[in-house]
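# Topology and contacts: notes
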Amino acid sequence: MAKVLLENIKRRFNNVTAIEDITFEIPDGEFWVLVGPSGCGKSTILRTIAGLESATSGKLFIGDRLMNDIPARQRDVAMVFQNYALYPHMTVAQNIAFGLQMRKIDQKTIQERVVTVARSLSLEHLLDRKPKQLSGGQQQRVALGRAIARQPQLFLLDEPLSNLDAQLRDDTRAELKQLHQELGITTIYVTHDQVEAMTLADKIVVLNRGRIQQIGEPQSIYARPANLMVATFLGNPPMNVLSAIYQGNGFDVSGQLLTIPPDVQGNLNLAPGQSFNLGIRPEHIYINEPPRRRQEEGGELTVEVKVVEPLGRETLIRASLPGSSVLLNVQVGGGVRLHPGDRMKLQLDLNQLFIFDSSTGETLYPLM
Ligand SMILES: Nc1ncnc2c1ncn2[C@@H]1O[C@H](COP(=O)(O)OP(=O)(O)OP(=O)(O)O)[C@@H](O)[C@H]1O
Ligand SMILES: [Mg+2]
């Protein structure tokens, strides 16, 4: 087990900058998730830590050891790739045991560890099969098992659940979290799935275009996103974003007025006529509810229902503002009956409103 430190790591491929000045330190034993859209540099960071890629500049430490010039096989790191590779001529048990055989651990210990790992990943009935006799999801779990059995000082996992179907992905995600709680091995996990990021991480690193956007605990990033990119990336359905013009007493949103709570007004220095992006999460929009606090008065928008998606426990509504093509996501109770074309009033909890700079995307309110 080890801490990991990246100091000003950069990686260029000819004229493409894959990662730009990345610095963070992962304390020993923590589970960190790198998240961001395709091409933002997640795999490149992981491959650099594994030693499969070398940084153009910057320093990488695992434990207290500078690793830049240490070959991959001497880093005591186990990596599971997006495109995992199993040894086709070996059984599941032999694949899981592979890294242990290489280290000349005694056979009894190897046997025990293979069985324990196989059980934790629901593979124990498949131990004698060859990889081509397995489904894609089973193969992927064998690749995970091989990494786990080694008990390295660092796990690097690159979208390890992406080939699994939805149910298996949820189960394996929970198994991974439990395994981490038991083994306590420092883990860096790459995904573009914000649910995996939120559920697994001690800390999330949100990346975009090779740059760190924000680092923090899942709930604090969710509650206090640093900018519009982070705000809309974490959360499902995503945060609603409305373009608005400041009017002095409130915001003009496609011809409708949202009155700003006095404490927001007091904290901001907005110029009338200026454009902003307003953000509100679906769970902070209500229908048919009287304003519960004074601040909520003036937080109403009239919309037209476009799409109704019943999900059982709740219903997801997509609604547009008259005269605008922007669709708002609204979560309402499962029993609510609405139809496309219905007009209704939405109550926005203005205490939960975000204001973003319309050119930089930086969060202006709430203050960080
Ligand atoms: N060997 C390479 N040569 C040239 N460009 C590369 C190379 N590897 C990666 N890149 C570029 O670097 C950027 C980051 O790639 P990377 O694979 O790290 O993204 P990612 O965040 O893992 O994306 P995904 O979610 O699609 O896996 C991309 O623009 C990619 O095209
Ligand atoms: Mg990748």
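Residues numbered from 1 in each chain as written. Chains lettered and ligands numbered in written order. Predicted model: local features only at pLDDT ≥ 70, side-chain atom pairs only at ≥ 80, totals over all residues. Heavy atoms only, no water.

## Topic: the pattern of salt bridges
Here is the rule we go by: A carboxyl oxygen of Asp or Glu within 4 Å of a side-chain nitrogen of Lys or Arg is what we treat as a salt bridge. Only DSSP runs of H or I reaching four residues or more are called helices, and only runs of E reaching two or more are called strands; each is numbered from the N terminus. In this scheme, a residue with accessible area under 20% of its type's maximum is buried, one over 50% is exposed, and one in between is partly exposed, where area comes from a 1.4 Å probe on protein chains only.
Following the criterion strictly, the structure yields nine salt bridges and no others. K3 is paired through a salt bridge with E25; the nearest N and O atoms lie 3.8 Å apart. Placement of the pair is K3 in the segment before β1 (4–13) and E25 in strand β2 (residues 16–26), with a sequence separation of 22 residues. For K3, a relative accessible area of 31% translates into the label partly exposed. For E53, the salt bridge goes to R11, with nearest N and O atoms at 3.2 Å. One end of the pair, E53, is in the loop between α1 (42–50) and β4 (57–62); the other, R11, is in strand β1, and 42 residues separate them in sequence. Considered together, E53 and R11 belong to a single accessibility category, that of buried residues. Within the structure, one salt-bridge network assembled from shared partners comprises K3, E25 and D64.

## Structural notes on unusual backbone geometry
Cis geometry is adopted by the peptide bond preceding P237, which originates at N236 and carries an omega value of -5°. P366 follows Y365 through a cis peptide bond whose omega is -5°. With a phi angle near 50°, N8 is a residue other than glycine that sits in the positive phi range. Overall, N8 belongs to the partly exposed group, its relative accessible area being 40%. For R209, which is not a glycine, the phi torsion comes out positive at approximately 50°.

## Quick notes on the sheet that holds strand β11 (residues 240–246)
We apply this condition: A pair of strands is labelled paired if DSSP reports no fewer than 2 bridges between them. Interaxial angles span 0 to 180 degrees and are taken between N-to-C directions of axes, which are lines fitted to C-alpha atoms, for helices over the stretch in contact.
Pairing within the open sheet is antiparallel, and its six strands lie in the order β13-β12-β11-β14-β20-β21. Looking at the sheet topology across the chains shown, the edges are occupied by β13 (256–259) and β21 (363–365). Neighbour-to-neighbour, the strand axes of this sheet turn through a mean angle of 40°, independent of strand direction. As paired strands, strand β14 (residues 275–280) and strand β20 (residues 354–357) are joined by four bridges and run antiparallel to one another. Looking at the pairing, F276 lines up with D357 of β20.

## Considerations on the packing of aromatic side chains
Put simply, the rule is: Within 6.5 Å between ring centres, the rings of Phe, Tyr and Trp (the latter by its six-membered ring) count as paired, and their orientation is classed by plane angle as stacked under 30 degrees, edge-to-face over 60, tilted in between. Any Lys NZ or Arg CZ that is within 6 Å of a ring centre and within 35 degrees of that ring's normal is treated as a charge sitting over the ring.
Going through the model one piece at a time under the given rule, you end up with six aromatic pairs. Centre to centre, the rings of Y87 and F98 are 4.5 Å apart; their planes meet at 40°, and the pair counts as tilted. Placement of the pair is Y87 in the loop between β6 (77–80) and α2 (92–101) and F98 in helix α2, with a sequence separation of 11 residues. When the ring centre of Y222 is taken as origin, the NZ or CZ atom of R281, which lies over that ring, is 3.6 Å away.

## Quick notes on the sheet that holds strand β8 (residues 186–191)
Rules: Any two residues whose heavy atoms approach within 4.5 Å at even a single point are treated as in contact.
As summarised here, the arrangement of the six strands in space is β6-β7-β8-β3-β9-β10, forming an open sheet in which the pairing is mixed. Every other strand in the sheet has two partners, leaving β6 and β10 (211–216) as the edge strands with one partner each. In this sheet, neighbouring strand axes are inclined to one another by 15° on average, regardless of whether the strands run parallel or antiparallel. Summarising the sheet, strand β3 (residues 31–35) and β8 pair through five bridges and their orientation is parallel. Directly across from V35, in β8, lies its bridge partner T191. This element, α1, spans β3, β6, β7 (154–158), β8 and β9 (203–208) of the sheet and lies at about 150° to β7.

## Comments concerning the domain arrangement of the chain
For interface size, the figure often reported is the accessible area lost on association. Selection criterion: Start and end points for every domain follow an automatic or database-based domain assignment.
Here the chain is described as being made up of domain 1 (4–225) and domain 2 (240–365). A C-alpha centroid distance of 39 Å is found between domain 1 and domain 2.

## Notes on the nonpolar core
Here is the rule we go by: To qualify as a nonpolar core, a set must consist of buried Ala, Val, Leu, Ile, Met, Phe, Trp, Tyr and Cys residues joined through side-chain atoms within 4.5 Å.
Grouped together as the largest cluster of nonpolar side chains are 44 residues, with contacts concentrated most on V33, I96, L144, Y189, I204 and V206. When residues in this core are grouped by element, the largest group, six residues, is from helix α4 (residues 136–150). Listed in part, the 33 residues of the second largest apolar core include L242, Y246, L268 and V303.

## Considerations on the site of ligand 1
Counted only if it meets this: Residue proximity to a molecule or strand is established when one non-hydrogen atom of the residue lies within 4 Å of it. Here a polar contact means two N or O atoms within 3.5 Å. Within protein one must be a hydrogen donor candidate and the other an acceptor candidate, and residues neighboring in sequence count only if both atoms are side-chain atoms. Exposure was quantified through the Shrake-Rupley algorithm and a 1.4 Å probe, taking into account, for residues, occlusion by the shown protein chains and nothing else. Three categories are distinguished: nonpolar for Ala, Val, Leu, Ile, Met, Phe, Trp, Tyr, Cys and Pro, charged for Asp, Glu, Lys and Arg, and polar for the others, with Gly belonging to the last.
Lining the immediate environment of ligand 1, one finds F13, A18, S38, G39, C40, G41, K42, S43, T44, Q82 and E159. Here S43 contributes a side-chain N or O atom positioned 2.8 Å from an oxygen atom of ligand 1. In the complex, 61% of the free accessible area of ligand 1, which totals 640 Å², lies under the protein chains. The dominant element in the shell around ligand 1, judged by the number of residues it contributes, is α1, at three residues. Considered class by class, the residues forming the shell around ligand 1 number three nonpolar, six polar and two charged.

## Describing the environment of I26
Tracing the chain through its elements places I26 in strand β2. Taking relative accessible area as the criterion, I26 reaches 0% and is therefore assigned buried. In this structure the C-alpha to C-alpha distance between I26 and V4, which are 22 residues apart in sequence, comes to 5.1 Å. The residues touching I26, leaving out its near neighbours within four places in the chain, are K3, V4, W32, T186 and I188.

## A look at the pairing of β1
Two elements, β1 and β4, share five bridges in a ladder whose sense is antiparallel. Considered in β4, the bridge of E7 is made with K59. Between β1 and β2, which pair antiparallel and follow one another directly, the connecting turn spans two residues, one of which, N14, has a positive phi of 50°.

## Side note on helix α5 (residues 166–183)
The test is simple: The span expected for a helix works out to 1.5 Å for each residue beyond the first.
Here α5 contains 18 residues, and its C-alpha end-to-end distance of 26 Å stays within 8% of the 26 Å for a straight helix at 1.5 Å per residue. The complete set of buried residues in α5 reads T172, R173, E175, L176, L179 and H180. Here the buried face of α5 lies against β3, α3 (107–120), α4, β7, β8 and α6 (194–200). Just beyond α5, the residue with positive phi is G184, at close to 65°.

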